[in-house]
Amino acid sequence: NEDVFAYSNRLGDQRTLVVYNNRYADTRGWIRVSCASAEKNPDGSKRLRQRTLGEGFDLKNDASMFAACRDAITGLEYLHHAGRMIEKGLHLELGAYNHHVFLDWRDLREDAAHPWAELCEMLGGRGVASLDDALRDLRLKPAHDALRALLAPEAAEQLAAIAAGISRKRQRQRTPARAVVARGGAEHLRALLEHVQAMLAVEEYAHLRRVPVPGA
């Protein structure tokens, strides 16, 4: 697409990619190979050479390596598989006269504590406010899912009913003062479950608030 201009540059570990759609129309495609540029040979002659985005950014062709960057326009962070970028380039979708400025590139290696591959697959090219926060949420997802299942209205009611039943049963075996304490324990459990449910709802709302909206 001759209406899309892409410029890349690298100085050491600092890398930049600027993309601009110079047309009043939506477009999509891959950025992979540069235009030909003159390169001087040892004998002083020149030759035309093209470089891939992977070469220009010195990406590592390793299944465990990923490339992260931040769009200076939206503030969102993106995660890409390094090997896929080397092979296919970077896939982008641009609206009319839309543009991106990708900065702060980082090379990330996956390990047991950092499941970048799973996060990359889950995001599917979508940007997030913070990749570190997204990775943390991914690692805590099993615990959150288990806790939400436990705190589902039906499960919470069952737990409260069990606690209340135990309290009533023990009331017959205890003094009146201890019976009051037992009833208070059941009520405290119900209040605790409701409190944790509210905390989870607030956390989800706060996570959504952390994601900036382009143009807002």
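This text follows the structure it describes.
All of these numbers come straight from a predicted model, not from anything done at the bench. (Residues numbered from 1 in each chain as written. Predicted model: local features only at pLDDT ≥ 70, side-chain atom pairs only at ≥ 80, totals over all residues. Heavy atoms only, no water.)

Remarks on the packing of aromatic side chains
Within this structure, the stated rule accounts for 3 aromatic pairs. Consider the rings of Tyr 24 and Tyr 97, whose centres lie 6.3 Å apart with planes at 35 degrees: the pair is tilted. Here Tyr 97 lies in the loop between strand E8 (90-94) and strand E9 (99-109) and Tyr 24 lies in the loop between strand E2 (14-21) and strand E3 (27-31), a separation of 73 residues in the sequence. Tyr 24 sits in the exposed class, given a relative accessible area of 69%. (Phe/Tyr/Trp six-rings, centres within 6.5 Å; stacked < 30°, edge-to-face > 60°. Helix = DSSP H or I, 4+ residues; strand = E, 2+ residues; numbered from the N terminus. Buried < 20%, exposed > 50% of the residue type's maximum accessible area, 1.4 Å probe, protein only.)

Brief notes about the layout of surface pockets
Of the pockets and cavities examined, the largest pocket occupies roughly 760 Å³. Residue lining of the largest pocket: 27 residues in total, with Ala 6, Ile 31, Val 33, Ser 34 and Cys 35 positioned closest to the centre. Elements represented by at least two residues in the lining of the largest pocket include exactly strand E1 (4-11), E3, helix H1 (53-56) and E8. With 7 residues, the single largest contributor to the lining of the largest pocket is E1. Of the residues belonging to the lining of the largest pocket, the class tally is 13 nonpolar, 10 polar and 4 charged. There is about 580 Å³ of room inside the second largest pocket. For the lining of the second largest pocket, the secondary structure elements donating two or more residues are strand E7 (77-81), helix H2 (82-88), E8, E9 and helix H3 (116-123). Tallied by class, the residues present in the lining of the second largest pocket amount to 12 nonpolar, 9 polar and 3 charged. (1 Å grid on protein atoms, 1.4 Å probe; cavity = no way out; pocket = protein on both sides within 12 Å on 5 of 7 lines; lining within 4 Å. Points joined across faces, edges and corners; volume = space filled by probe spheres on them. Nonpolar A, V, L, I, M, F, W, Y, C, P; charged D, E, K, R; others polar.)

Re the pattern of salt bridges
Counting across every chain of the model gives 12 salt bridges. With a closest N to O distance of 3.9 Å, Glu 93 and Arg 28 form a salt bridge. Of this pair, Glu 93 sits in strand E8 while Arg 28 sits in strand E3, and the two are 65 residues apart along the sequence. We note a salt bridge from Arg 109 to Asp 62, for which the minimum N-O separation is 3.3 Å. Placement of Arg 109 in strand E9 and of Asp 62 in the loop between H1 and strand E6 (65-71) is noted, with a sequence separation of 47 residues between them. (Salt bridge = Lys/Arg side-chain N within 4 Å of Asp/Glu carboxyl O.)

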